[in-house]
Amino acid sequence: MAVISYREALRAAMREELKRDDKVVIMGEEVAQFNGAYKVTEGLLKEFGPKRIVDTPISEAGFIGLGIGASMLGIRPVMELMFWSFSYVAFDQIVNNAGNIRYMSGGLINCPIVIRGPANGGTNVGATHSHTPEAILASHPGIKVVCPATPYDAKGLMKAAIRDNDPVYVMENTILYNDKGEVPDEDYIVPLGVADVKRVGTDLTIVAHGRAVITSLKAAEILEKEHGVSVEVVDLRSIRPLDEETILASVRKTHRALLVEENKPFCGVDAQVAYLIQSKAFDELDAPIHRVSSIDAPQIYCKRMEDLQMPNVERVVAEALKVLA
Amino acid sequence: MAKPAVLTHPESLKRPAGPSEYAKDPVNASMSKADKIALYTKMARIRHFEQRCIRIYQQGKIGGFLHLYVGQEAVAAGTISLLGKHDHIITGYRDHGHGLMVGMGMNECMAELTGRVTGCSQGKGGSMHYFAPDKNYWGGHGIVGGQAPLGTGLAYAVKYMGLKGSCLAYMGDGAVNQGAVHEAYNLASLWDLPVIFVVENNGYSMGTSQERSTAHPGCLAKRAEGYNMAWDVINGHDVYEVRAKTAIALKRAHEESKPTVLEIFTYRYFGHSMADPDKTYRDKEEIKEYREKKDPVLAFEQELLSEKVLTPELSLKINEAAMAEADKAAIFADESPDPTVADITKHIYWEEDNRGPKTTSRGTIIFE
Ligand SMILES: Cc1ncc(C[n+]2csc(CCOP(=O)(O)OP(=O)(O)O)c2C)c(N)n1
Ligand SMILES: [Mg+2]
């Protein structure tokens, strides 16, 4: 096992898949010569050359659409969005074309594209650059969405995404890029649709995804040390497909659930998770389900306020205590 | 097919800065001594404001992105100095220079960068999202190219209301490859809208040189021909030339309600944003060359010295005053309070901020 960063894990996944399958192509703004705006693709141009690692103009609708078209003929494009916030100028391609082509062709056409890039707040860049569209995109049947929180999951999910025959949208997080973790040396994937219990506990289930998992794990430490509460943290990893069984199994054990996500609350991922729990494990619950999400407003620029707008350890601890009260 | 305006080949723009052949152009010749000094002062203020920002960023007081305008001052200064009551502007995220030009104060601009409630957007927008609608400045937009249709819409509104005005919609050389820009070009021409698309061509979009991003290298403005629009290219190191040629486009907007694409050749001295180490995609020599031979602020200073409008003493005074103003703004930003948690959910909906008997919607609109 090597200890590598989340960024290196993503790069290793792409590198291995580029080697394994010559249909894999990496495309995006600044991915080649500049080595990636966030250096995720660093060194790939040097190793694989300009046919496989391609710099694009600032034309998201154009190049993402091009990737979708190429994928229909069997190319396996891995498209980088500098931020998922910029996907909004390519929404038609991402949702209407990639998400519907298989269905509308009666299963005749596949769309094995991966679109990846950071989707997070917390970096003091204001409303236009801080979107977290996993819930919006996962609400469209035909699309798969994953949100890795650790280097291990980042690598495993990215490799699974590249091998998948459907459009898979990988939402990364710039704040996690430098986080380090153990990653196996041998080839592995993390299958889409398998949640992971990141911490075992008995009194409360916290369900989270993306960086909210890291926040929740820190909160769980405090809850244990300062309040004597044993918290289980379920990392969804994949939003669609969703691992319903792992969520339900945990709730059946702890009988209490707190859902944490960095999205805004309305129609967030956790709205669906809350529905799932009450519909399939209602009798197991000893308390109402609570949620912690970002304060319902466009992302504020002021860093001090943005840190309060987003779920933080203090807010998660406070809300957990309410569920336990 | 509309006849393109003046056709200047970009090669001719590469001449070293010297006395401007546009000094005698009517828009420049008609400037009073005080007008010229005021224009120079504004350029110097942009320069010193931006340089003060670098220090504040390095002190960790500005986070996120900070895109500097140093080197490009003559573009905002030249174009905006011509505008009247019904002329509007809108730009991308490299928006500080435009803000200062329309008359925003250094205090509100600096305080916005450090996220203070005294900032122009009350700490909600940040560097990329300056706004001053009372000064006909409609932002400050973070998504590349997104402002082009908005600028076209502002021009539409001006025309709709029967006003003799225009909108200048600025963008970078990388932005010309966004679909929204092309759709805006077509609408502007199809509907005869008084919009001027100003392409600030500083040679790079982040780490990508213009040649690597854009088919039709050398002259982006010519794309206007495909949309039956007039166009021109401008040496953006010479504020007199910027004024002279922009005036033609403005006249076209005001008198004929027709759009124009202006491509203004300029250069940024610092990285794309402060996060860009600026080490890989261009030569240090290239930056030096521009700084030493084509600097728009120095060039205009030289121009005014030779016209005997400026004296070295006056120039020094102007520059010192601008530096002192920037220092004061930094202190103002430091001493200003943050927005509060309650402020986070303000300014989302007009309705929510104006609850009363006249508001018509019901139901939960901000969620827990
Ligand atoms: C739709 C979209 N894609 C990508 C970005 C990221 N981005 C911000 S600025 C920029 C480069 C733009 O270059 P240019 O248009 O030449 O303007 P300049 O920065 O040189 O002023 C990029 C890629 C963005 N903000 N919006
Ligand atoms: Mg540029």
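Residues numbered from 1 in each chain as written. Chains lettered and ligands numbered in written order. Predicted model: local features only at pLDDT ≥ 70, side-chain atom pairs only at ≥ 80, totals over all residues. Heavy atoms only, no water.

1. Here we look at unusual backbone geometry
Across residues other than glycine, the phi torsion is negative in most instances, and most of the peptide bonds are trans. The condition that has to hold: Under the DSSP-based scheme used, a helix requires at least four consecutive residues in state H or I and a strand at least two consecutive residues in state E, with every element numbered from the N terminus. The buried label goes to any residue with under 20% of its type's maximum accessible area, the exposed label to any with over 50%, and the partly exposed label to all in between, with areas taken from a 1.4 Å probe on protein chains only.
Cis geometry is found at the peptide bond from Arg 240 of chain A to Pro 241 of chain A, where omega equals 5 degrees. Among the secondary structure elements, Pro 241 of chain A is positioned in the loop between strand S12 (238–240) and helix H8 (244–254). The backbone phi angle of Arg 237 of chain A is positive, close to 60 degrees, even though this residue is not glycine. Along the polypeptide, Arg 237 of chain A turns up in the loop between strand S11 (231–235) and S12. Accessibility expressed as a relative area gives 7% for Arg 237 of chain A, which makes it buried. For Met 206 of chain B, which is not glycine, the phi torsion reads 50 degrees and is therefore positive. Here Met 206 of chain B lies in the loop between strand S4 (204–205) and strand S5 (208–209).

2. A closer look at the state of the cysteines
Using the following cut-off: The disulfide definition used here is simple: a pair of cysteine sulfur atoms within 2.5 Å.
Evaluated as defined, the whole model comprises zero disulfides over all chains. Free of any disulfide, Cys 111 of chain A has its nearest cysteine sulfur in Cys 147 of chain A, 19 Å distant. Cys 53 of chain B forms no disulfide, and the closest cysteine sulfur to it belongs to Cys 109 of chain B, at a distance of 8.7 Å. Residue classification places Cys 53 of chain B among the buried positions, given a relative accessible area of 0%.

3. Here's the deal with the domain arrangement of chain A
Residues and elements named next belong to chain A. Stated formally: Domain start and stop points were drawn from an automatic or database domain assignment. For this analysis, residues touch if any pair of their heavy atoms sits within 4.5 Å. Here the buried area means the combined drop in accessible surface, using a 1.4 Å probe, for two parts upon being joined, counting both sides.
Segmentation of chain A into domains returns domain 1 (2–183) and domain 2 (196–324). Put simply, the middle of domain 1 and the middle of domain 2, counted by C-alpha atoms, are 26 Å apart. Listed per partner, the contact involves 28 residues of domain 1 and 24 residues of domain 2. Buried surface at the junction of domain 1 and domain 2, both sides included, amounts to about 2,000 Å², of which 54% is carbon and sulfur.

4. Some remarks on the sheet that holds S11 of chain A
All names here are of chain A. This is how it is decided: One bridge is not enough; two strands pair if DSSP finds at least two bridges between them. Convention adopted: a line fitted to C-alpha atoms gives each axis, helices being fitted over their contacting stretch, and angles between N-to-C directions are expressed from 0 to 180 degrees.
Ordered in space as S9-S11-S10-S13-S14, the five strands form an open sheet in which the pairing is mixed. Of all the strands in the sheet, the pair left with one neighbour each is strand S9 (196–199) and strand S14 (290–292). Neighbour-to-neighbour, the strand axes of the sheet open up by a mean angle of 25 degrees, direction not taken into account. Where strand S10 (residues 204–208) lies against strand S13 (residues 257–260), four bridges are found, and the strand directions are parallel. Bridged to Ala 208 within S13 is Val 260. Across the face of the sheet, helix H7 (residues 211–227) comes into contact with S9, S10, S11 and S13 while running at roughly 175 degrees to S11. The strands touched by helix H9 (residues 269–281) within the sheet are S10, S13 and S14, with S13 carrying the most contacts at an inclination of about 160 degrees.

5. Overview of helix H6 (residues 147–160) of chain B
Residues and elements named next belong to chain B. Short version of the rule: Every helix has an expected span of 1.5 Å times one less than the residues it contains. Note: the arc covers the axis-to-C-beta directions of the helix.
Taking 1.5 Å of rise per residue, the 14 residues of H6 would be expected to cover 20 Å, and the 19 Å separating its terminal C-alpha atoms lies within 8% of that figure. Residues of H6 that are buried: Gln 147, Ala 148, Gly 151, Thr 152, Leu 154, Ala 155 and Val 158. Looking straight down H6, one finds that the buried residues subtend no more than 155 degrees of arc, so they occupy a single side. Looking at the buried residues of H6, the elements they touch are strand S1 (87–90), strand S2 (166–172), helix H7 (179–190) and strand S3 (195–201). Looking one or two places after H6, you find Gly 162, whose phi comes out positive at around 75 degrees.

6. Considerations on the site of ligand 1
Keep this limit in mind: Note on definitions. A residue lies near a molecule or strand when any single heavy atom of the residue is within 4 Å of it. Nitrogen and oxygen atoms within 3.5 Å of one another constitute a polar contact, given that in protein one can donate a hydrogen and the other can accept it, and given that sequence-neighbouring residues count only through two side-chain atoms. Surface exposure here means Shrake-Rupley accessible area, sampled with a 1.4 Å probe, where a residue is shielded only by the protein chains that are shown. Any residue that is not Ala, Val, Leu, Ile, Met, Phe, Trp, Tyr, Cys, Pro, Asp, Glu, Lys or Arg is counted as polar, Gly included; the first ten are nonpolar and the last four charged.
In the neighbourhood of ligand 1, 21 residues make up the surrounding shell, with Glu 60 of chain A together with Tyr 93, Arg 94, Gly 174 and Asn 202 of chain B lying closest. Per-site note: the chains with residues close to ligand 1 are chains A and B. Take Glu 60 of chain A: an N or O atom from its side chain is 2.5 Å from a nitrogen atom of ligand 1. Here an oxygen atom of ligand 1 and a side-chain polar atom of Tyr 93 of chain B are 2.7 Å apart. In isolation ligand 1 has 580 Å² of accessible area, and contact with the protein removes 96% of it. Taken together, the residues of the shell around ligand 1 break down into nine nonpolar, eight polar and four charged.

7. Description of the environment of Ala 221 of chain B
Residues and elements named next belong to chain B. Tracing the backbone shows Ala 221 in the loop between helix H8 (210–213) and strand S6 (230–235). For the pair Ala 221 and Val 198, spaced 23 residues apart in sequence, the C-alpha separation works out to 9.0 Å. Those residues in contact with Ala 221, other than ones at most four positions away along the chain, are Trp 231, Asp 232, Val 233, Val 261 and Glu 263.

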